[in-house]
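Observations on the three-dimensional arrangement
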Amino acid sequence: SDVKAFNGFTKSQVVEFAAKAEFYSNHPIAASIIEHYRNSFASSKETNGSAISDFEEIPGHGVKAVIDGRHIMTGSAALMKESGILYPEEDARGTTVYVAVDSTIAGQITISDTIRPEARSSIMKLKKAGVRKIVLLSGDRRHAADFVAEQLGIDECFPELMPEDKVSKLESLIEERNSRGKGYVAFVGDGINDAPVIRAADVGIAMGGLGSDAAVESADVVIMNDALEKIPLSIEIARFTRRIAVENIILALSIKGIMIFMGTAGMATLWEAVFADVGVALLAVLNSTRVLTSRKFVDTAAFSS
């Protein structure tokens, strides 16, 4: 949403340095910077990693790279502080990415959160499905995270968190759940920073489209097309599947129990025994196919493929 340049650098140079430094990162912020560079400044040039001789991604902070012999740092204010680089502090509404070249601040890029149209309705569906509390764990600044939480009707917001802070907050939520004695804590994420939190949650959900490999590998559930509305739908599918599994168990035990009683009383023949074995298995399979034939889930084949 905004680009500023300092110390003799131009806006195009700031975006170019940031885009090239972020080339090997799969973080959504990196993707947006690279896309902006290609659309606004690169014209026919392709962004590639040929000029990068060294690259380091620092979870929760940013990246360091050596590009054509120049040391580039792109990331948060914390990264600039740790490196001893002076930078202008501004209260921008959004995430501020600072760009430093050879230990000199070159500029800053402000990225504003765009709330997806289906985000609020998806959260409402989650609450309707019985989710008691929805919490936002964010690495963004407080005013940006609070704004999004307020717009989406999120119950509680914790901004400016490092990856280890997210794990601590999740553990406190799990302890809160344990004090009630029931329920589950699910976490939805997509970046490499979210992988430890996804793994620590009772149910880890990763966005497979933009999500990093680490997040996907850590998850119990992967939403392949990044559609937010699939999260409440996946809960409905899981509950429906569980209900069918319980029905199958009750059906099998009931029929086998009746047949055992009949066999003990001398009332069952070989055919009844065959039905108690093969017949019950067939009934259970037929009952399970309701998941595939249910009109409610007919458009969600990706979940079962």
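What you are looking at is a predicted structure, and each value in this text was computed from that prediction instead of being measured.

**A short note on the overall build of the protein**
Regarding its fold elements, the protein presents 11 helices and 11 strands. A globule of 305 residues ought to have a C-alpha radius of gyration of about 19 Å, yet the protein, at 26 Å, is considerably larger. Taken along the three principal axes of its C-alpha coordinates, the protein extends 95 × 45 × 30 Å. Expressed as a percentage of its 305 residues, the buried residues of the protein come to 40%. At a minimum sequence separation of 6, the contacts of the protein that also span at least 24 residues come to 45%. A total accessible area of about 17100 Å² is found for the protein, and carbon and sulfur atoms account for 56% of it. Within the protein, the 40 negative side-chain charges are centred at a point lying 7 Å from the centre of the 32 positive side-chain charges.

**Let's talk about helix α6 (residues 163-180)**
Helix length check: α6, at 18 residues, gives a terminal C-alpha distance of 26 Å against a target of 26 Å (1.5 Å per residue), a fit within 8%. Of the positions making up α6, those classed as buried are P163, K166, V167, L170, L173, I174 and R177. For α6, the arc enclosing every buried residue in end-on projection is 120°, short of the 170-degree limit, so these residues lie on one face. Turned more than 90 degrees away from the buried face of α6 sit E175 and S179, all of them exposed. The inward-facing, buried residues of α6 contact β7 (135-137), β9 (186-189) and α7 (195-200).

**Digging into the sheet that holds strand β1 (residues 2-5)**
Ordered in space as β1-β6-β5-β4-β3-β2, the six strands form an open sheet in which the pairing is antiparallel. Strand pairing shows two members of the sheet lacking a second neighbour, β1 and β2 (52-58), which therefore form its edges. Each adjacent strand pair in this sheet contributes to an overall mean axis angle of 15°, direction not counted. Relative to strand β3 (residues 62-67), β2 runs antiparallel, the two sharing six bridges. Across the sheet, residue D54 finds its bridge partner in β3, namely V66. Against the sheet, helix α2 (residues 28-40) makes contact with β5 (95-101) and β6 (104-111), and its axis sits at roughly 100° relative to β6, the strand it touches most.

**Focus on the packing of aromatic side chains**
For the structure shown, the criterion picks out four aromatic pairs. Ring geometry for Y24 against F55: centres 5.7 Å apart, planes inclined by 65°, an arrangement best described as edge-to-face. Separated by 31 residues along the polypeptide, Y24 in the loop between α1 (11-21) and α2 and F55 in strand β2 bring together distant segments of the chain. Taken together, the aromatic side chains of F23, Y24 and F55 make up a single cluster linked through ring pairs.

**Considerations on the packing of helix α4 (residues 119-128) against helix α9 (residues 230-264)**
The geometry of α4 relative to α9 is characterised by a closest axis approach of 8 Å and an angle of 25° between their N-to-C directions. Looking at the two axes, α4 sits roughly parallel to α9. Across the interface between the two elements, S122, K125 and L126 from α4 touch I231, P232 and I235 from α9. Residue composition of the contact of α4 with α9, grouped by class: four nonpolar, one polar and one charged.

**A look at α2**
Each α-helix winds once per 3.6 residues, and so residues spaced three or four apart point in a common direction. Its 13 residues place the ends of α2 18 Å apart at the C-alpha level, agreeing with the 18 Å of an ideal helix rising 1.5 Å per residue. Taken together, the buried residues of α2 touch α1, β5 and β6.

**Considering the nonpolar core**
One finds V14, I33, I72, V99 and I109 to be the most contacted residues of the largest nonpolar core, which totals 22 residues. Per-element accounting of this core gives the leading share, six residues, to α1. Excluding anything up to four places from it in sequence, I33 contacts V15, A18, A19, V97, I109 and I111. Among the nonpolar cores identified, the runner-up in size contains 15 residues, and L126, I134, M207 and I223 belong to it.

**Observations concerning the confidence of the model for the protein**
Scored by pLDDT, the protein has a mean of 83; 91% of the residues are at 70 or more. Scored below 50 in pLDDT, residues 301-305 makes five contacts in the model with residues more than four places away or belonging to other chains.

**Observations regarding the sheet that holds β9**
Taken in spatial order, the three strands line up as β9-β10-β11 in an open sheet, and their pairing is parallel. Across the chains shown, the open sheet's two edge strands, defined by having one partner strand only, are β9 and β11 (221-223). The average undirected angle you get between the axes of adjacent strands in this sheet is 20°. The pairing of β9 with strand β10 (residues 203-207) spans four bridges and is parallel.

So, how was this worked out
Residues numbered from 1 in each chain as written. Predicted model: local features only at pLDDT ≥ 70, side-chain atom pairs only at ≥ 80, totals over all residues. Heavy atoms only, no water. Helix = DSSP H or I, 4+ residues; strand = E, 2+ residues; numbered from the N terminus. Rg over C-alpha atoms; globule rule 2.2 N^0.38 Å. Buried < 20%, exposed > 50% of the residue type's maximum accessible area, 1.4 Å probe, protein only. Contact = heavy atoms within 4.5 Å. Areas by Shrake-Rupley, 256 points an atom, 1.4 Å probe, with all protein chains shown as cover. Lys, Arg positive; Asp, Glu negative; His and termini not counted. Charge placed at Lys NZ, Arg CZ, Asp CG, Glu CD. Expected span 1.5 Å × (residues − 1). Arc of directions from axis to C-beta. Pairing = 2+ DSSP bridges. Axes fitted to C-alpha atoms, helices over the stretch in contact; angles between N-to-C directions. Phe/Tyr/Trp six-rings, centres within 6.5 Å; stacked < 30°, edge-to-face > 60°. Parallel < 35°, antiparallel > 145°, perpendicular 65-115°, else oblique. Nonpolar A, V, L, I, M, F, W, Y, C, P; charged D, E, K, R; others polar. Core = buried A, V, L, I, M, F, W, Y, C linked by side-chain atoms within 4.5 Å. pLDDT = per-residue confidence, 0-100.

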